[in-house]
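Listed here are the chains, written in short residue letters.
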Amino acid sequence: MLKQLKILVIVLFVAAAGFFYRTVLIQHGVHILRVLISKGVLPMSDKDYHQILRLGNVTSRTISPSHVLQQGDGVLFVETTDRMEEPALVLCSIESAARAYPDRPVVFFMKGLDDVVTEDDEEKARQRFPTLSPYKNVYFFPLRLQELFTDTPFLAWYKKIDPSREIHWTHVKSDACRFAMIWKYGGIYMDTDVISIRPIPEDNFLAAQSDTITSSAVFGLSRRHPLSWEFMENFVENYRGHVWGHQGPGVFTRVVYKYCGRLRFTSVDHLKCANVSYFHNERFYPIAYPSWRKYFEVWKDLPTFSNSYALHLWNYMNKERKFMMVGSNALLEHLYQQYCPRTYGSLVQNVTAHH
Ligand SMILES: *[C@@H]1O[C@H](CO)[C@@H](O)[C@H](O)[C@H]1NC(C)=O
Ligand SMILES: *[C@@H]1O[C@H](CO)[C@@H](O)[C@H](O)[C@H]1NC(C)=O
């Protein structure tokens, strides 16, 4: 009732303004409404919002994740903190996906981004990331948790949780987001420390991270796939926020075990589990986590990773805060040069600028 009343007031306001002052005032009114909505003062669905923009005769065309991702073939990334200055690895991860999937939308959902509803807004968001903006298949949208979790098993859980008491909240949030995003939009989800090197040949897949653990860093499922729903239920039913990985790889591993027991590979070819492909660890984890430092070392012969589709960089293990050093000749430098050349170019420029 309250919502309808609000919408009525808004519509009347816009209409009255239009009657007296036509476009200029309407556009000001719409602008004020947009600010109020983006600050959460006026909660509103995408549909109502777009209706208001149409009333306001906003010239730039509207854009939304559901439109960009309507084919269900997106590659999805998420930033659950408010940071907007992304580390080079994140930029590299997204750039490499944009290159590996030139015909698919690559969407970065960022909590710190407000309000992308028109193509102009999208263009402004792009300009914040000069190394990514030349890739026309990269899109930025704000991450709105409550909206994302609506109509999923997460909403009730999210409403009763107290983030100040959660020790892994950033990661737990990000775990939940990936399931809800894949449920609603379909496509491939990737962590921002995954470098894509060639396209993944399957649409519906899960991947082994080791002999016993299923990865949460890369998976693909079509929109509204029953497994996504099962993952969300498993997450909520078994929720133990203080246990690291319990909401991420734990969910995948539990569900895979339920359907398929302990899967054993006899080659790098994928297996089938719960009607989706189950990839060998070589596909994304050719360097296993105890060896994560190898990415930062100089190799005599560079590995070809011919059995891999993407490389998981184990950023969480990287407590020493190692990063790619220009001129180090480390394996990672070669990967940047080859798979995210614009990010690499920017890092080179930054180094030169400081010397
Ligand atoms: C290079 O430096 C600029 C300015 O500090 C920064 O915005 C940009 O992100 C840096 N490039 C990379 C790839 O980190
Ligand atoms: C796999 O597909 C079959 C046939 O469509 C279906 O009966 C079964 O429930 C599916 N299994 C899972 C785990 O979704």
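First things first, this report covers the structure right here in the doc. (Residues numbered from 1 in each chain as written. Chains lettered and ligands numbered in written order. Predicted model: local features only at pLDDT ≥ 70, side-chain atom pairs only at ≥ 80, totals over all residues. Heavy atoms only, no water.)

Right, let's get into the pairing of strand E4 (residues 187–190). Direction of pairing for strand E1 (residues 75–79) relative to E4: parallel, over a ladder of two bridges. Following the sheet pairing, Leu76 is matched in E4 by Tyr189. Relative to strand E7 (residues 218–221), E4 runs antiparallel, the two sharing four bridges. Across the sheet, the residue bridging to Gly187 is Leu221, located in E7. (Pairing = 2+ DSSP bridges. Helix = DSSP H or I, 4+ residues; strand = E, 2+ residues; numbered from the N terminus.)

Attention now moves to the site of ligand 1. Surveying the vicinity of ligand 1 reveals the residues Thr343, Ser346, Leu347 and Asn350. Between Ser346 and ligand 1, the recorded distance is 2.8 Å, taken from a side-chain N or O atom to a nitrogen atom. Asn350 is positioned such that a nitrogen or oxygen atom in its side chain is 2.2 Å from an oxygen atom of ligand 1. With the chains in place, 53% of the 360 Å² that ligand 1 exposes on its own is no longer accessible. Taken together, the residues of the shell around ligand 1 sort by class into one nonpolar, three polar and no charged. (Near = heavy atom within 4 Å. Polar contact = N/O pair within 3.5 Å; in protein donor to acceptor, adjacent residues only side chain to side chain. Areas by Shrake-Rupley, 256 points an atom, 1.4 Å probe, with all protein chains shown as cover. Nonpolar A, V, L, I, M, F, W, Y, C, P; charged D, E, K, R; others polar.)

Relative orientation of the contacting elements helix H4 (residues 88–100) and helix H12 (residues 341–353) amounts to 145 degrees, with a least axis distance of 8 Å. Of H12, the residues touching H4 (which contributes Ala88, Leu91, Cys92, Glu95 and Arg99) are Pro341, Arg342, Thr343 and Leu347. Per-class residue counts for the contact of H4 with H12 are five nonpolar, one polar and three charged. (Axes fitted to C-alpha atoms, helices over the stretch in contact; angles between N-to-C directions. Contact = heavy atoms within 4.5 Å.)

Right, let's get into unusual backbone geometry. Even without being a glycine, Asp151 presents a positive backbone phi close to 65 degrees. Following the sequence through the fold, Asp151 ends up in the loop between helix H6 (145–149) and helix H7 (154–160). Accessibility expressed as a relative area gives 63% for Asp151, which makes it exposed. Phi angles above zero are rare outside glycine, and Phe305 is one such case at about 50 degrees. Following the sequence through the fold, Phe305 ends up in the loop between strand E9 (276–279) and strand E10 (310–312). According to the relative accessible area criterion, Phe305 is buried, its value standing at 9%. (Buried < 20%, exposed > 50% of the residue type's maximum accessible area, 1.4 Å probe, protein only.)

With that out of the way, let us pick up the packing of helix H8 (residues 169–185) against helix H9 (residues 226–237). Relative to each other, H8 and H9 sit at 155 degrees, their axes nearing to 8 Å. With respect to their mutual orientation, H8 and H9 come out roughly antiparallel. The crossing of H8 and H9 is left-handed. Counted together, Val172, Asp175, Ala176, Phe179, Ala180, Ile182 and Trp183 of H8 and Ser228, Trp229, Phe231, Met232 and Phe235 of H9 form the full contact between these two elements. (Parallel < 35°, antiparallel > 145°, perpendicular 65-115°, else oblique. Left-handed = near helix turned anticlockwise from the far one by under 90°.)

This paragraph deals with the site of ligand 2. In the vicinity of ligand 2, the contacting residues are Tyr259, Ala274 and Asn275. Within the side chain of Asn275, a nitrogen or oxygen atom sits 2.2 Å from an oxygen atom of ligand 2. Considered on its own, ligand 2 offers 370 Å² of accessible surface; in the complex 36% of this is hidden by protein.

For the rest of this paragraph, the subject is the packing of aromatic side chains. What the rule picks out here adds up to 31 aromatic pairs. Pairing Trp157 with Tyr239 gives two aromatic rings, centres 5.4 Å apart and planes at 65 degrees, and the pair type is edge-to-face. Here Tyr239 lies in the loop between H9 and helix H10 (249–260) and Trp157 lies in helix H7, a separation of 82 residues in the sequence. Ring centres of Phe205 and Phe284 lie 6.1 Å apart, and the angle between their planes is 25 degrees; on these two criteria the pair is classed as stacked. Taken together, the positions of Phe205 in strand E6 (residues 205–207) and Phe284 in the loop between E9 and E10 put the pair 79 residues apart, joining distant regions of the chain. Judged on exposure class, the residue Phe205 and its partner Phe284 are both buried. (Phe/Tyr/Trp six-rings, centres within 6.5 Å; stacked < 30°, edge-to-face > 60°.)

Per the counting criterion, the structure on display carries nine salt bridges. We note a salt bridge from Glu79 to Arg83, for which the minimum N-O separation is 3.0 Å. The class for Glu79 is buried, based on a relative accessible area of 5%. Notably, a salt bridge pairs Lys111 with Asp82, separated by 3.1 Å at the nearest N-O pair. Taken together, the positions of Lys111 in the loop between strand E2 (106–110) and helix H5 (119–127) and Asp82 in the loop between E1 and H4 put the pair 29 residues apart, joining distant regions of the chain. Judged by its relative accessible area of 31%, Lys111 falls in the partly exposed class. On the basis of relative accessible area, Asp82 is assigned to the exposed category, the value being 51%. (Salt bridge = Lys/Arg side-chain N within 4 Å of Asp/Glu carboxyl O.)

What follows concerns the side chain of Ser308. The topology assignment puts Ser308 in the loop between E9 and E10. Residue Ser308 is classed as buried on the basis of its relative accessible area of 1%. Within polar-contact distance, the side chain of Ser308 engages the backbone oxygen of Glu282 at 2.6 Å. Those residues in contact with Ser308 that sit more than four places away from it in its chain are Ile197, Arg198, Glu282, Arg283 and Pro286.

This paragraph deals with the state of the cysteines. According to the stated counting rule, one finds two disulfides in the structure shown. The partner cysteine of Cys92 in its disulfide is Cys340, sulfur to sulfur 2.1 Å. As the torsion about the S-S bond is roughly -85 degrees, the Cys92-Cys340 disulfide counts as left-handed. In this pair, Cys92 is assigned in helix H4 and Cys340 in the loop between helix H11 (331–339) and H12, connecting sequence segments 248 residues apart. Exposure class is identical for Cys92 and Cys340. Each is buried. (Disulfide = S-S within 2.5 Å.)

So far we have only geometry, and geometry alone does not tell us how the molecule works.
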